[in-house]
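Coordinate inspection notes
One letter stands for each residue in the lines below.
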Amino acid sequence: MLDPIKAVSAINMSRSLKTPTSASKDFENKLKEDVDVLFAIHHHLGGDKQGKRYEFLKTLSRSIVVFSIAALESYLENVSEWAFSHILKKKQLKVRFLNKAADKLTEQLLNKESTNRKNRIMGIIVRGADLELRNSILKNEIRYFHTPNVENINDLIHTCVGIRKISSSWVWQGTSSGRVVLRLDAFLKTRHKIAHGILTPKIIKEVNLNFANSCIKLVKQIVKCTDRKIIEHLR
């Protein structure tokens, strides 16, 4: 006989696992607060007009690139935490995930941690102490997640969500995951130079409104594909 309490819980879980995730909504809000405002200022002051008179607008374009990548990084951290919470609520996913987490943490701890620390965390995993496990994994992963390149993204999502190579889901009409990875890497390198004040003539010339538009469009698509894949994985 079906337990009505469990049935209601399953229905509520299913309803909560719909795109977009709360992390995706937060991402959109960040864009409205920062990126959309910069675009509006850019258009108000000159749009895509060319010439020395409008060179100052490229500063806004560079800022859009920096804020776009920052929003992506924040989204990935938030969605990892969001998905992790759902995993711990769902027994079947939790057991499957704990086995993967145990393997990952064991490998890390053998290389980085003392025996006492290793035994403590492995004890947490064996007991399934949700709060302690959550803090141990999330703090360890998110604390060191600073550059959203494909290797770091795949590692973060694999550890916190259980999906291997999330980047393979970055596919949409007219492009492939491999192409997306290359484009993201190029934008990250540009962001890095801008953030560290390395404004070479090439950077100053290339990072215009079109470049900024391309960057934010790519980031939005990555978020959309990542959200969809995580929801699919959790169902």
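Note that residues are indexed from 1 along each chain, following the sequence as it is written. Confidence filtering applies because this is a predicted model: local features only for residues at pLDDT of at least 70, side-chain atom pairs given and counted only at 80 or more, and all residues used for totals across whole chains, interfaces and linings. Excluding hydrogens and water, the side-chain figures rest on all heavy atoms present in the structure.

1. Thoughts on the overall build of the protein chain
If you tally the helices and strands in the protein chain, you get 10 helices and 0 strands. Listing every helix and strand of the protein chain by position from the N terminus yields α-α-α-α-α-α-α-α-α-α. Across the 235 residues of the protein chain, 44% fall into the buried class. Here a residue-residue contact requires only that any non-hydrogen atoms of the pair lie within 4.5 Å. Excluding contacts between residues fewer than 6 apart, the proportion of contacts in the protein chain whose partners are at least 24 apart in sequence is 74%. In the structure as shown, the protein chain presents an accessible area of about 13,400 Å², 52% of it carried by carbon and sulfur atoms. Under the DSSP-based scheme used, a helix requires at least four consecutive residues in state H or I and a strand at least two consecutive residues in state E, with every element numbered from the N terminus. To sort residues, take the accessible area from a 1.4 Å probe on protein chains only and compare it with the maximum for the residue type: under 20% means buried, over 50% means exposed, and anything in between is partly exposed. Accessible surface is estimated by sampling points in the Shrake-Rupley manner with a 1.4 Å probe; for residues, cover comes only from the protein chains shown.

2. Remarks on the pattern of salt bridges
The working definition used for a salt bridge is a side-chain nitrogen of Lys or Arg within 4 Å of a carboxyl oxygen of Asp or Glu. One pass over the full model with this rule turns up 2 salt bridges. For Lys189, the salt bridge identified is with Asp185, shortest N-O distance 3.3 Å. Of this pair, Lys189 and Asp185 both sit in helix H8 (residues 177-195), 4 residues apart, roughly one helical turn. With a closest N to O distance of 3.5 Å, Lys229 and Glu232 form a salt bridge. Remark: Glu232 and Lys229 occur in helix H10 (residues 209-234); sequence separation between them is 3 residues, near one turn of the helix. A relative accessible area of 29% places Lys229 in the partly exposed class.

3. Details of the side chain of Thr21
Mapping Thr21 onto the fold places it in the loop between helix H1 (4-16) and helix H2 (22-45). The buried category is assigned to Thr21, whose relative accessible area is 1%. Not counting residues up to four positions away in its chain, the partners in contact with Thr21 are Tyr75, Val79, Trp82, Asp227 and Ile231.

4. Topic: the nonpolar core
In terms of nonpolar packing, the biggest core is built from 53 residues, with Ile153, Ile157, Trp170, Leu184 and Ile230 touching the most fellow members. Looking at which element gives the most residues to this core, the answer is helix H3 (residues 57-89), with 15 residues. Sequence-distant contacts of Leu184, defined by excluding residues within four places in its chain, comprise Leu72, Pro148, Ile153, Trp170, Leu218 and Ile222. Only buried Ala, Val, Leu, Ile, Met, Phe, Trp, Tyr and Cys residues count toward a nonpolar core, and they belong to the same one when joined by side-chain atoms within 4.5 Å.

5. Section: the confidence of the model for the protein chain
Detailed reading of the predicted coordinates is not advisable wherever pLDDT falls low. The predicted model of the protein chain has a mean per-residue pLDDT of 79, with 67% of residues at 70 or higher. How sure the predictor is of each residue is captured by pLDDT, a score from 0 to 100. For the protein chain, H1 is the element with the lowest average pLDDT, namely 43, and H8 is the one with the highest, namely 96. Under a pLDDT of 50 for its full length, residues 1-14 has, in the predicted model, 4 contacts with residues more than four places off or in other chains.

6. Structural notes on the packing of aromatic side chains
Aromatic pairing here means that ring centres of Phe, Tyr or Trp (its six-membered ring) are within 6.5 Å. Orientation follows from the plane angle: under 30 degrees is stacked, over 60 is edge-to-face, and everything else is tilted. This model, assessed by the stated rule, comprises 2 aromatic pairs. Pairing Phe27 with Tyr75 gives two aromatic rings, centres 6.2 Å apart and planes at 65 degrees, and the pair type is edge-to-face. Of this pair, Phe27 sits in helix H2 while Tyr75 sits in helix H3, and the two are 48 residues apart along the sequence. According to the relative accessible area criterion, Phe27 is buried, its value standing at 2%. Judged by centre distance (5.1 Å) and plane angle (80 degrees), the rings of Phe187 and Phe211 are edge-to-face. Placement of the pair is Phe187 in helix H8 and Phe211 in helix H10, with a sequence separation of 24 residues. Assessed through its relative accessible area of 6%, Phe187 is described here as buried.

7. Things to note about the environment of Ser85
Locating Ser85 in the fold gives a position in helix H3. A C-alpha to C-alpha distance of 9.4 Å links Ser85 and Val161, two positions 76 residues apart in sequence.

8. Focus: H2
Given 3.6 residues to a turn, an α-helix orients residues that are three or four positions apart in the same direction. For H2, which comprises 24 residues, the first-to-last C-alpha distance of 34 Å matches the rise-based estimate of 34 Å (1.5 Å per residue) to within 8%. Maximal helix bending in H2 amounts to about 40 degrees, located at Lys32. Buried within H2 are the following residues: Ala23, Ser24, Phe27, Leu31, Val35, Leu38, Phe39 and His42. For H2, the elements touching its buried residues are H3 and H10. What a helix should span is 1.5 Å times the count of its residues minus one. The quantity called bend is, for any residue, the angle between two axes fitted respectively to the seven residues ending at it and the seven beginning at it.

9. Comments concerning the environment of Thr147
The residue Thr147 is located in the loop between helix H6 (130-143) and helix H7 (150-160) in this model. Expressed as a C-alpha distance, the spacing of Thr147 and Leu188, which sit 41 residues apart in the sequence, is 8.1 Å. Those residues within four positions of Thr147 in sequence are excluded, and the remaining contacts are Asn152 and Arg191.

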